[in-house]
Amino acid sequence: MDIKQLEKTLNREPSFRLKQAQKAVFQDLIDDWGRATVFSLALREKLKREVPLEIAAKLFVAADQKTVKSLIGLADGLKVEAVLMRYPKRNTVCVSSMVGCPLNCEFCATGKMGFKRNLSDGEIVEQVLFFNRYLKKSGQRVNSLVFMGMGEPFLNCDSVFSAVEFFNRPESFNIGARHISISTVGIIEGIKKLTQSSLPVNLAISLHAADDETRSKIMPINRRYPLREVLEAVEEYLQKTRRKVMFEYIMIRGINDSLNQAQKLVRLLSGLRKSLYLVNLIAYNPTGIFKPSSSEQIQGFKKVLEKQGIEVTERYRFGRQIQAACGQLAIDDEE
Ligand code: SF4
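Residues numbered from 1 in each chain as written. Predicted model: local features only at pLDDT ≥ 70, side-chain atom pairs only at ≥ 80, totals over all residues.

Draft legend 1. Inspection of the site of the ligand at higher detail. Within the structure, the ligand sits among 12 residues, and Cys101, Leu103, Cys105, Cys108 and Gly111 are positioned closest to it. Among the residues forming the shell around the ligand, the class breakdown is six nonpolar, five polar and one charged. (Near = placed C-beta within 6 Å. Nonpolar A, V, L, I, M, F, W, Y, C, P; charged D, E, K, R; others polar.)

This is the structure in structure tokens:
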């Protein structure tokens, strides 16, 4: 839905009308203006025409019901994916910021689709609105967001920052900025923008290798933003915000998972305060090109880091069988 159009459509009405409309759409989660009976029939009709609430989507639910993927149709016929992950105490949506992605990381299905276009702020908001409607029947809501879906969020800064600000508003979804994370391959301008932002949003860096040679092989963007520059920007971010950064590291067999890489990673991060970052090891989800590291290799890698006092987590494998896991998002209607 077009969040700016909603404001435009109501700009000649008294200001409380916009508040009523936002409450109806984002809190009561109506999917038809006909239900907004606080409005006159004429205004409901106008809203129906100018700000349609329908979201055309297909759903894919994993057998354990913990992961749900949506394939949302956009006004121009393109489609975008978003994933709901249901934890015992929270519901997290993995949000997309683009259709496709121009960065072509070797291990990522989205990168292999090529780049179609950036999403608008409204199209980002719609992904969360959709899952809030989905959760309504179980009396739950989305309480946290990660920008880790399709696309690089910091190559679409205007829409992403506008959507984040919107998610945070009490009259929309009221999701605290501390429950929102943006994951980037290391676009320096975006990291700097987040450093300056007044919203305490979390930062995650897709590192995936500990030296430039290995990283450039699997992430071509490293040639433009090499590791040293990315880490300098992260250091600035840490100094200014004191908020913990997550370094994500996909474990790919024979590519970046050697103990030598683990030692290089220790050296790479040695300039940062250990209490201000953690390393998240992610088992590679096969997309056809590489193989995942064995669990022994992951444990060995983890030990090298932990021995040096680095906090390490391992990401739970959500949604593999519905192609909703990390790096697997790519439009395929036939799933
Ligand atoms: S990993 Fe992220 S940045 Fe890289 S191609 Fe995939 S979506 Fe784009």
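Draft legend 2. Up close: the pairing of strand S7 (residues 144-147). Covered by surrounding structure in S7 are Leu145 and Phe147 only, the residues Ser144 and Val146 on the alternate face being uncovered. Pairing geometry for strand S4 (residues 91-94) and S7, over three bridges, is parallel. Its bridge partner being in S7, Cys94 is matched across the sheet by Val146. Bridging between S7 and strand S8 (residues 180-184) involves three bridges; their strand directions are parallel. What sits directly across from Phe147, in S8, is Ile182. Between the parallel pair S7 and S8, the chain is carried across by helix H6 (residues 157-168), and the sense of this crossover is right-handed. (Buried ≥ 20, exposed ≤ 12 C-beta atoms within 10 Å, placed from the backbone. Helix = DSSP H or I, 4+ residues; strand = E, 2+ residues; numbered from the N terminus. Pairing = 2+ DSSP bridges. Right-handed = clockwise from strand over helix to strand, strands pointing away.)

Draft legend 3. Structural view of the sheet that holds S7. Overall, mixed pairing links the 10 strands, which are arranged S1-S2-S3-S4-S7-S8-S9-S10-S11-S12 in an open sheet. One side of each edge strand has no neighbouring strand; the edge strands of this open sheet are strand S1 (57-61) and strand S12 (312-314). Across this sheet, the average inter-strand angle for adjacent strands is 20°, counted without regard to direction. For strand S3 (residues 79-86) and S4, the ladder comprises four bridges, and the chain directions are antiparallel. Across the sheet, the residue bridging to Leu84 is Val93, located in S4. (Axes fitted to C-alpha atoms, helices over the stretch in contact; angles between N-to-C directions.)

Draft legend 4. Quick peek at the nonpolar core. Within the largest apolar cluster, 76 residues are counted, with the highest numbers of intra-cluster contacts made by Val93, Val95, Val128, Leu145, Phe167, Tyr249 and Met251. In this view, Val95 contacts Ala82, Ile124, Gln127, Val128, Leu145, Val146, Phe147 and Gly149; residues no more than four positions away in its chain are not counted. Among the nonpolar cores identified, the runner-up in size contains eight residues, and Val25, Phe26, Leu47 and Val51 belong to it. (Core = buried A, V, L, I, M, F, W, Y, C linked by C-beta atoms within 7 Å. Contact = placed C-beta atoms within 7 Å.)

Draft legend 5. The domain arrangement of the chain, seen in detail. You can read the domains of the chain as domain 1 (1-54) and domain 2 (55-322). The C-alpha-based centres of domain 1 and domain 2 are spaced at 33 Å. Put simply, the parts of the chain that give the side of domain 1 that touches domain 2 at least two residues each are helix H1 (3-9) and helix H2 (15-27). At four residues, H2 tops the list of elements feeding residues into the side of domain 1 that touches domain 2. A per-class count over the side of domain 1 that touches domain 2 returns four nonpolar, one polar and six charged. (Domains from an automatic or database assignment.)

Draft legend 6. Quick peek at the environment of Leu71. Mapped onto the secondary structure, Leu71 falls in strand S2 (residues 67-73). Separated by 14 residues in the primary sequence, Leu71 and Ala57 have C-alpha atoms spaced 5.3 Å apart.

Draft legend 7. Summary view of the pairing of S3. Sheet analysis places S2 next to S3, joined by seven bridges and oriented antiparallel. Each residue of the ladder has a partner; that of Lys69, found in S3, is Val83. Connecting S2 to the antiparallel partner S3 that follows it, the hairpin turn spans five residues, and Gly77 within it adopts a positive phi of roughly 95°.

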